[in-house]
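Letter by letter, the chains look like this.
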Amino acid sequence: MQVDVVQLQAMFGAIAQAMEREKERLCELDGVIGDADHGIAMELGFSAAAKAVAALDASSSDPTAVFNIAAKSFLSAVGASSGPLYATALMRAGASVKEKPALSDDDMIDVLEAMAKGIQDRGKAEPGEKTMVDAWAPAALAARTARDEGKPLATSLEAAEQAARKGAEATRDMVALKGRSSRLGDRVIGHMDPGAASAVVLIEAIHIFFSDR
Ligand code: ADP
Ligand code: MG
C-alpha cells in the first residue's frame with residue numbers, strides 16, 4: 001500500500017501526540033544532563049509541524065512538500081539545538097522522495113535513512129558520543145537490514161524501534177562529546193541522553209502508525 005499525503009498528515013499528527021505524552025519525561029531527562037527543555041522543544045516542534053502539514057491541500061501537495069513544510073515549521077518553533085537537527089532530517093526526508101506522488105514501503109525506509117543521515121551530517125556526531133545519533137543510526141540500519149531481508153514495512157519499523165531503544169539505553173554508559181552536556185564530563189554517566197530518548201518516541205510512533213494502518 002502506498003503512503004500518500006493524507007497518511008503523512010496523519011503520521012505527523014501521531015508523532016505530535018506522542019511527543020505531547022512524553023514531554024515531561026523528556027524534560028526530566030534533559031534536566032539531569034542539560035537544560036530541561038528537550039520535551040518542550042520536541043513537543044513544540046512536532047505540534048507546529050503537524051499543524052502546518054495538516055493545513056496543506058492533500059490533492060495538490062506531494063510528500064516532499066509535506067516534509068519541507070514540516071522542516072520549516074519545526075525550525076521556526078524550536079530554539080534549542082534539536083531545531084536545526086530535526087529540520088535537516090525532515091528536509092533530507094523530503095529530498096529523498098522528490099517527485100513521488102506517494103511513497104512505497106521502500107521509500108519509507110529511504111525516508112528513515114535520510115533523516116538519520118541528515119542528523120549526523122548536521123550535528124557531526126558519531127555513534128558513541130551520547131546523542132540522538134546513538135538511537136537514529138542503529139535504527140536506520142536495522143530498518144534497512146530488515147527490509148533487505150524482505151520484511152514488510154511494519155516489521156522493519158519494529159526492528160528500527162528495537163534498535164533505537166537499545167541504542168538509547170546504551171547512552172547511559174557514555175560520556176557526552178557533543179552538545180550542551182559535553183561540558184559535564186563524567187557526571188553524565190548513568191543517565192540516558194534525552195535526544196536519544198525522543199528518537200525512540202518518534203520511531204515508536206511511526207512504527208505504531210504503520211502497524212495500525
Ligand atoms: P539544547 O541542548 O540546545 O537545549 P535540546 O535539549 O532540544 O537542545 O536537545 C538536546 C539533545 O540534542 C541532546 O540530548 C542530544 O541528543 C542532541 N544533540 C546535541 N548536539 C548534537 C549534535 N551535535 N549531534 C546530534 N545530536 C545532538
Ligand atoms: Mg535542552
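Our subject is the structure that appears above.
Residues numbered from 1 in each chain as written. Chains lettered and ligands numbered in written order. Predicted model: local features only at pLDDT ≥ 70, side-chain atom pairs only at ≥ 80, totals over all residues. Heavy atoms only, no water.

(A) Here's a closer look at the environment of Phe-46. Structurally, the position occupied by Phe-46 is in helix α2 (residues 38-54). In the structure, Phe-46 is positioned 24 residues away from Ala-70 in sequence and 7.9 Å away in space, judged by C-alpha atoms. Excluding its chain neighbours within four sequence positions, the residues that come into contact with Phe-46 are Phe-12, Ile-15, Ala-16, Met-19, Phe-74, Tyr-86 and Leu-202. (Helix = DSSP H or I, 4+ residues; strand = E, 2+ residues; numbered from the N terminus. Contact = heavy atoms within 4.5 Å.)

(B) Representation of the coordination of the magnesium ion (ligand 2) in the model. Those protein atoms acting as donors to the magnesium ion (ligand 2) are Asp-30 (OD), Asp-35 (OD) and Asp-37 (OD), and they sit at 2.0 to 2.2 Å. Taken in sequence order, the residues that donate to the magnesium ion (ligand 2) follow the motif D-x4-D-x1-D. A relative accessible area of 34% places Asp-35 in the partly exposed class. Under the relative-accessibility criterion, Asp-37 is labelled partly exposed at 23%. (Donors = N, O, S within 2.8 Å, 3.2 Å for Na, K, Ca; no water. Buried < 20%, exposed > 50% of the residue type's maximum accessible area, 1.4 Å probe, protein only.)

(C) Representation of a nonpolar patch on the surface. A grouping of Val-175, Leu-177 and Ile-189 is seen on the molecular surface, where their side chains present a nonpolar patch of about 230 Å² in accessible area. Mapped onto the secondary structure, Val-175 falls in the loop between α7 (153-170) and α8 (194-212). (Patch = residues over 30% accessible without salt bridge, like charges linked within 9 Å, V, L, I, M, F, W, Y side chains within 5 Å. Areas by Shrake-Rupley, 256 points an atom, 1.4 Å probe, with all protein chains shown as cover. Salt bridge = Lys/Arg side-chain N within 4 Å of Asp/Glu carboxyl O.)

(D) The pattern of salt bridges, seen in detail. Summed over the entire model, instances satisfying the criterion amount to 14 salt bridges. A salt bridge links Glu-204 to Arg-165, with the nearest nitrogen and oxygen atoms 3.4 Å apart. One end of the pair, Glu-204, is in helix α8; the other, Arg-165, is in helix α7, and 39 residues separate them in sequence. Residue Glu-204 is classed as partly exposed on the basis of its relative accessible area, which comes to 27%. The closest approach of N and O atoms between Arg-172 and Glu-169, which form a salt bridge, is 3.0 Å. Salt bridges linked by common partners bring Arg-92, Lys-117 and Asp-121 together as one network.

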